[in-house]
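# Structural features, examined
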Amino acid sequence: MLQVQFLRENKQSVVQSLKVKNFDASTIIDKVIELDDNRKSTQSSSNDLLARANSIAKEIGVLFKTGKGEEANSLKEESSQIKEKTKVLQSNLSEIESEIRDLLVQIPNVPHSSVPEGKSDEDNETIKEVGTIPKLGKNKKPHWDLCSDYNLIDFELGNKITGAGFPVYTNKGAKLQRALISYFLDKNTGAGYTEFQPPHLVNEASGFGTGQLPDKEGQMYQVTEDNLYLIPTAEVPITNFFRDVIVKKEDFPIKCTAYTPCFRREAGSYGKDVRGLNRLHQFDKVEILQVQHPNKSYETLDLMVDHVASILDELELPYRILRLCGGDLSFTSALTYDFEVYSGGQDRWLEVSSVSNFESYQSNRLKLRYKDKTGKNKLCHTLNGSALALPRIFAALIENNQTTSGINIPKVLQEYTRFDIIE
RNA sequence: GGAGAGAUGGCAGAGUGGUCGAAUGCACUGGUCUUGAAAACCAGCGUACAGCAAUGUACCGGGGGUUCGAAUCCCUCUCUCUCCGCCA
């Protein structure tokens, strides 16, 4: 959510920048400012009345103390009239405030100046491509075939006990999964991130804090009996650690990492995108997240990108880094780099990480602030990314490393898996 | 699941109808003192909105009510704790 003050001061540039996201902000900003003017004047007349009512109450107190209670009657009369008036003003005010809020949540975050124009993922800008596309020959298989050949994942069993999109990892598949989680967490903590194990269910307030609620309610699994939601990403619980928090500026940067399963309803997905591990209702992910001073957040974004890249380097997976264009950039992000690995069995790029700077967009909603030099509270910047999402890494690893004699495990994982080949 | 207790500022903890945005202690910040530090002393120290400012208004878990006036009384919701039951 953007701040009204910010919109007032930067209307033209905001409108201009949001064109990159294909969003016409002009009318909505005018409406917000108009409502905010209205808010100010309503609040100020209400405050004047309340001030009078407060002083009447004090006067009456004095009158009663000095035994002149009967002189209070006319004051009481005035006070109850004031009460009528303020009641109306107050209800107008809360209506105006909720209208402003409703409008503000419709305005996406302002994209960073480096965000390229574009309508869809086809317009994303490839800024780096690393590694070589594997040449697998014509006997190559996609991961779903490899999974059944080598007994790594039982999709049918998952269908039986839960449904489509809930795979059962078995044998060396389960071990590889566990190895990846440990390896990712070790890499992240090694880079200074503090490890957390958050709850996998969150309450309504947390859903609002990170913006899943009220709009994207349909994307989350809900436990209605207790009014809790299964997390779609660790970002939700971890970011909400910082809801209503004022951090000390010497604490910057705050770096968190967590492994969690992620639950997504993925309503409306179909086709080759959902085959095998490509898109699941439950999947594992290790997330990294930082809270940073506004002056340093872009420096931090670069560091996070480098960090994710170093993991993919070690896994020896070919990957490319994309700068998302305005049309593909998420609602809340100012700048996002996507990581895609090449999965040789399917011959396609798979998104495995998305690293974003939200600037103060999340912080404003969360009320996550720090005290600046003059003691004023200012909004922090938040950033997060996957390091990394498991299923597509799993898919790319087994597809790219398949040989006629088995699937080779990259060196860096072997101390975690305790085997170097799946036969 | 049953019974009870509670929710106040960063923390601890007073406050049961008026001058309480809230005592006191700790923590924190600045100053005096000191070669330096500690101690002691002095001062400051919640958040939001409006305003150039003085200041005003709101907030004592959330919402509603009674009253001229509510942290304090009433209703309701949420959460936490204790005991019992169940249990990894």
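What you are looking at is a predicted structure, and each value in this text was computed from that prediction instead of being measured. (Residues numbered from 1 in each chain as written. Chains lettered and ligands numbered in written order. Predicted model: local features only at pLDDT ≥ 70, side-chain atom pairs only at ≥ 80, totals over all residues. Heavy atoms only, no water.)

### A closer look at the overall build of chain A
Basically, it comes down to this: Only runs of H or I of at least four residues qualify as helices and only runs of E of at least two qualify as strands under DSSP, and these elements are numbered from the N terminus. Relative accessible area decides the class of each residue, using a 1.4 Å probe on protein chains only: under 20% of the type maximum gives buried, over 50% gives exposed, and in between gives partly exposed. We call two residues in contact whenever any of their non-hydrogen atoms come within 4.5 Å of each other. Computed by Shrake-Rupley with a 1.4 Å probe, the accessible areas treat only the displayed protein chains as cover when residues are assessed. For the purpose of charge, His is not counted, nor are the chain termini; Lys and Arg are scored as positive and Asp and Glu as negative. A charge is said to be at NZ when it belongs to Lys, at CZ for Arg, at CG for Asp and at CD for Glu.
Across its full length, chain A holds 13 helices and 19 strands. Reported as C-alpha extents along the three principal axes, the dimensions of chain A are approximately 100 × 45 × 40 Å. Within chain A, the proportion of its 423 residues that are buried is 48%. Pairs at least 24 apart in sequence give 73% of the contacts found in chain A among residues at least 6 apart. Of the accessible surface of chain A, which amounts to about 21,000 Å², a share of 47% is contributed by carbon and sulfur atoms. On chain A, the mean spot of the 52 positive side-chain charges and the mean spot of the 59 negative ones are 3 Å from each other.

### Description of the packing of aromatic side chains
Heads up, the condition is: Working definition: a ring pair exists when centres of Phe, Tyr or Trp rings (six-membered ring for Trp) sit within 6.5 Å. Plane angles under 30 degrees give stacked, over 60 give edge-to-face, the rest tilted.
What the rule picks out here adds up to ten aromatic pairs. Ring geometry for Tyr183 and Phe184: centres 5.7 Å apart, planes at 45°, overall tilted. Overall, the relative accessible area of 0% leaves Phe184 in the buried class. Look at Phe196 and Phe241: their rings are 5.2 Å apart centre to centre, the planes differ by 65°, and that puts the pair in the edge-to-face class. Of the two residues, Phe196 is situated in strand S4 (residues 194-196) and Phe241 in the loop between helix H9 (235-240) and strand S8 (246-247); the sequence distance between them amounts to 45 residues. Given the relative accessible area of 36%, Phe241 is considered partly exposed.

### Section: the pattern of salt bridges
Heads up, the rule is: By definition here, a salt bridge exists when the distance from a side-chain nitrogen of Lys or Arg to a carboxyl oxygen of Asp or Glu is within 4 Å.
In this structure the tally under the stated criterion is 14 salt bridges. Where Arg8 meets Asp37, a salt bridge forms, and the shortest distance between an N and an O atom there is 2.7 Å. Here the residue Arg8 occupies a position in helix H1 (residues 4-9), and Asp37 occupies one in helix H3 (residues 26-65), the gap between them amounting to 29 residues. When the shortest N-O distance is used, the salt bridge between Lys140 and Asp347 registers 2.3 Å. With Lys140 in the loop between strand S1 (125-130) and helix H5 (143-149) and Asp347 in the loop between strand S12 (335-343) and strand S13 (348-359), this residue pair connects regions lying 207 residues apart in the sequence. Accessibility expressed as a relative area gives 30% for Lys140, which makes it partly exposed.

### Observations regarding the sheet that holds strand S10 (residues 282-292)
Using the following cut-off: A pair of strands is labelled paired if DSSP reports no fewer than 2 bridges between them. Helix axes use the C-alpha atoms of the stretch in contact, all axes being lines fitted to C-alpha atoms, and the angles between their N-to-C directions lie in the range 0 to 180 degrees.
Pairing is mixed across the open sheet formed by eight strands, whose spatial order is S1-S11-S12-S13-S16-S10-S9-S4. Bordering the open sheet on either side are S1 and S4, each of which pairs with just one other strand. Going from strand to strand, the sheet's axes swing by 25° on average, the running direction of each strand aside. The pairing of S4 with strand S9 (residues 254-263) spans three bridges and is classified as parallel. Across the sheet, Glu195 pairs through a bridge with Thr257, a residue of S9. Helix H10 (residues 297-315) contacts S1, S10, strand S11 (319-323), S12, S13 and strand S16 (381-389) of the sheet and is inclined by roughly 5° relative to S16.

### A few points about the protein's contact with RNA strand B
For clarity, the threshold we go by: We call a residue near a molecule or strand as soon as one heavy atom of that residue lies within 4 Å of the molecule or strand. We call two N or O atoms a polar contact when they sit within 3.5 Å, provided that within protein one can donate a hydrogen and the other can accept it, with sequence-adjacent residues counted only if both atoms are side-chain atoms. Ten residue types, Ala, Val, Leu, Ile, Met, Phe, Trp, Tyr, Cys and Pro, are classed as nonpolar, four, Asp, Glu, Lys and Arg, as charged, and the remainder, Gly among them, as polar.
Around RNA strand B, 18 residues are found, and the nearest of them are Arg39, Gln43, Lys65, Arg369 and Lys371. Backbone atoms, meaning sugar and phosphate, make up 72% of the atoms of RNA strand B lying within 4 Å of the protein. At 3.3 Å from a phosphate oxygen of RNA strand B is found a side-chain nitrogen or oxygen belonging to Asn377. Secondary structure elements with two or more residues in the surface near RNA strand B: H3, helix H4 (73-104) and strand S14 (369-371). Across the surface near RNA strand B, the residue classes tally to five nonpolar, six polar and seven charged.

### Describing a negative patch on the surface
Going by this rule: Distance thresholds for patches are 9 Å for like charges and 5 Å for nonpolar side chains (Val, Leu, Ile, Met, Phe, Trp, Tyr), applied to residues having over 30% relative accessible area and no salt bridge.
Among the surface-exposed residues, Asp121, Glu122, Asp123, Asp328 and Glu351 lie close enough to one another that they form a single negatively charged patch. Looking at where Asp123 falls in the secondary structure, it is placed in the loop between H4 and S1.

### Details of the packing of helix H7 (residues 171-190) against H10
Describing two packed helices takes the angle between their axes plus the distance from one axis to the other. We count it as follows: Roughly parallel means an angle under 35 degrees; roughly antiparallel means over 145; roughly perpendicular covers 65 to 115; every other angle is labelled oblique. Here a crossing is taken to be left-handed if its near helix is turned anticlockwise relative to the far helix by less than a right angle, and right-handed if that turn runs clockwise.
Following both chains from N to C, one finds H7 and H10 inclined at 135°, their axes separated by 11 Å at the closest point. Considered as vectors, H7 and H10 are oriented oblique to each other. Regarding H7 and H10, the two cross each other, and that crossing is right-handed. Judged by residue contacts, Leu180, Tyr183, Phe184, Lys187 and Asn188 of H7 engage His307, Ser310, Ile311, Glu314 and Leu315 from H10. A per-class count over the contact of H7 with H10 returns five nonpolar, three polar and two charged.

### A short note on the domain arrangement of chain A
Quick reminder of the rule: The domain boundaries here were taken from an automatic or database domain assignment. Accessible surface is computed with a 1.4 Å probe, and the buried area is the amount of it that two parts give up when combined, taken over both parts together.
What the domain assignment lists for chain A is domain 1 (4-104) and domain 2 (121-422). Computed from C-alpha atoms alone, the centre-to-centre distance between domain 1 and domain 2 is 44 Å. With five residues of domain 1 at the contact, the number on the domain 2 side is nine residues. Area buried by domain 1 at its contact with domain 2 is led by Val20, Lys21 and Arg101, which between them contribute 79% of it. In this assembly, domain 1 and domain 2 are joined by three residue pairs in polar contact (both at pLDDT 80 or more).

### Overview of the packing of H3 against H4
Look at H3 against H4: their axes get within 8 Å of each other, and the N-to-C directions meet at 155°. In this view, H3 runs roughly antiparallel relative to H4, as classed from their interaxial angle. In the crossing of H3 with H4, the sense of the turn from one axis to the other is left-handed.

### Considerations on the side chain of Ser206
Along the chain, Ser206 falls in helix H8 (residues 204-209). Classification of Ser206 as buried rests on a relative accessible area of 8%. Those residues in contact with Ser206 that sit more than four places away from it in its chain are Val236, Asn240 and Arg243.

### Section: the pairing of S10
Burial runs high along S10: ten of the eleven residues are buried. Of the pairings in the sheet, the one linking S9 to S10 comprises ten bridges and is antiparallel in character. By the bridge assignment for S10, Ala258 is matched with Glu287. Here seven bridges tie S10 to S16, and the two strands are oriented antiparallel to one another. The residue bridging Lys285 from the neighbouring strand is Ala389, located in S16.

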